[in-house]
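A look at the structure
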Amino acid sequence: MKSSAIANSNIALVKYWGKQDKELILPYNNSISLTISDLHTHTTVEFNEELKEDQITLNDSQIDETSRKQIIKFLDIIRKDSDLKAKIVSKNNFPTASGLASSASGYAALTLAATKALNLNLTKEELSKLARRGSGSACRSIYGGLSEWQKGTNNDDSFAKQIEKKDYWPDLRMLICTTTTEEKKTKSRAGMAQTVATSPMYKSWLDTIENDLTNVRTAIKNKDFTLLGKTAESNCLKMHATMITTEPPIIYWNPTTIKIMKQVELLREQGIECYYTMDAGPQVKILCLKNNQETILEKIKQIDGVINTITTKPGEPAKTTEQHLF
Ligand code: PMV
């Protein structure tokens, strides 16, 4: 009853920010993302009759009470009526809860490891539906490459589907620029609920989504990097406009975030094509093609405040591993 899994993080090109149903995690809109190589969560789960309570360790430490309650609630969905307790050990190879989608890779790895430990052999769609219940964006990390989360209308029809596998667009790069390793003050769950409730921009944001989805689907189909990058960047700015206009305001950026955004604009003016996207945190992800990655990295590394950069490519789907963490 022990199993381990590794899942990569994913970064949305058309973002999800807001739930129609908070309990089932049904979003207001479809989203499209790239699962990225190199940023992953490795998780081992063991269900054991001798355990009196669930034991959860993340990055060698106990987790906070809110996260613990969320994980236990999620485990209860998987183990249904049984009162089997679990030991979970999980490790991220990148900063947790700072806008690098650790909840996506985390819940995708947990879904796969926990269901395998219980000998449930679920399809990708079933895994995606289940992962969604842990953290919405996790439903997309079940797949490698590019995928789209179909918002659906109920528990059974809201899940991600693969658009293209990891090898479809091998030259695509996402450069992860870390500007802080601190955990964010407003987690996405609380932040998005607050935005839906108070931002006067929220409806306008939703009104633009269909067009962005169409553009990103077309860009992927035609490998049109310009359309992909432009749409992803503008979609990110629109999402941040809803965050900034939330009451009280949610401003995830720091001065380094803006310095990187400006450098990306400058590089573009100089003919080096690249685009930025940010999530619920101050880290910047730069979309580019392989031929420009070194030139861009050289410039970004010179910016004061950039802690480190990681070059990622389209990544693998979530998979089980024999390497157990205990
Ligand atoms: O799934 P969550 O609760 O981690 O929310 C993810 C929200 C964004 O990262 C900002 C956007 C997205 O679609 O991944």
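1. Observations concerning the packing of helix α2 (residues 102-117) against helix α3 (residues 124-134)
α3 packs onto α2 with a crossing angle of 125° between their chain directions and a minimal axis gap of 9 Å. Considering the angle they form, α2 stands oblique to α3. Read as a crossing pair, α2 and α3 show a hand that is right-handed. In contact with Y107, A108, T111, L112 and T115 of α2, α3 contributes L127, L130, A131 and G134. Tallied by class, the residues present in the contact of α2 with α3 amount to 6 nonpolar, 3 polar and no charged.

2. A word on the pattern of salt bridges
This structure, assessed with the given rule, holds 15 salt bridges. One salt bridge in this structure joins E148 and R217, with 2.8 Å as the shortest N-O distance. Placement of the pair is E148 in strand β8 (residues 146-150) and R217 in helix α5 (residues 202-222), with a sequence separation of 69 residues. What makes R217 partly exposed here is its relative accessible area of 33%. Among the salt bridges present, the one from E316 reaches K319, with a minimum N-O distance of 3.9 Å. Counted as one network, the salt bridges with shared partners bring together K166, D167, E316 and K319.

3. Let's talk about the site of the ligand
Residues in contact with the ligand amount to 14 residues; listed here are only the nearest, Y16, S103, S135, S137 and R140. Within the backbone of Y16, an N or O atom sits 2.9 Å from an oxygen atom of the ligand. One nitrogen or oxygen atom from the side chain of S135 is found 3.0 Å from an oxygen atom belonging to the ligand. Compared with its free state, where it exposes 380 Å², the ligand has 93% of that area covered by protein. Two domains each put at least three residues into the shell around the ligand: domain 1 (2-169) and domain 2 (172-312).

4. Quick look at the side chain of H240
Along the polypeptide, H240 turns up in helix α6 (residues 225-244). Its relative accessible area of 2% is what places H240 among the buried residues. Within the structure, the side chain of H240 is placed 3.1 Å from the side chain of W253, a separation counted as a polar contact. Sequence-distant contacts of H240, defined by excluding residues within four places in its chain, comprise Y252, W253, M278 and D279.

5. A short note on the packing of aromatic side chains
Summed over all chains, the structure comprises 5 aromatic pairs. Where W17 meets Y252, the ring centres are 6.3 Å apart and the plane angle is 90°; that geometry is what we call edge-to-face. With W17 in the loop between β1 (2-14) and β2 (19-21) and Y252 in the loop between α6 and α7 (255-269), the pair connects residues that are 235 residues apart, well separated along the chain. Above the face of the F326 ring, K87 is positioned so that its terminal group lies 4.4 Å from the ring centre. Positioned above the aromatic ring of Y168, the side-chain terminus of K223 is 4.4 Å from the ring centre.

6. Points about the domain arrangement of the protein chain
Assigned domains within the protein chain: domain 1 (2-169) and domain 2 (172-312). The centre of domain 1, based on its C-alpha atoms, is set 23 Å off from the matching centre of domain 2. Taken residue by residue, the interface counts 38 residues in domain 1 and 52 residues in domain 2. Together, the buried faces of domain 1 and domain 2 total about 3700 Å²; carbon and sulfur atoms form 70% of this surface.

How each quantity is defined
Residues numbered from 1 in each chain as written. Predicted model: local features only at pLDDT ≥ 70, side-chain atom pairs only at ≥ 80, totals over all residues. Heavy atoms only, no water. Axes fitted to C-alpha atoms, helices over the stretch in contact; angles between N-to-C directions. Helix = DSSP H or I, 4+ residues; strand = E, 2+ residues; numbered from the N terminus. Parallel < 35°, antiparallel > 145°, perpendicular 65-115°, else oblique. Left-handed = near helix turned anticlockwise from the far one by under 90°. Contact = heavy atoms within 4.5 Å. Nonpolar A, V, L, I, M, F, W, Y, C, P; charged D, E, K, R; others polar. Salt bridge = Lys/Arg side-chain N within 4 Å of Asp/Glu carboxyl O. Buried < 20%, exposed > 50% of the residue type's maximum accessible area, 1.4 Å probe, protein only. Near = heavy atom within 4 Å. Polar contact = N/O pair within 3.5 Å; in protein donor to acceptor, adjacent residues only side chain to side chain. Areas by Shrake-Rupley, 256 points an atom, 1.4 Å probe, with all protein chains shown as cover. Domains from an automatic or database assignment. Phe/Tyr/Trp six-rings, centres within 6.5 Å; stacked < 30°, edge-to-face > 60°. Lys NZ or Arg CZ within 6 Å of the ring centre and 35° of its normal. Buried area = accessible area lost by both parts, 1.4 Å probe.

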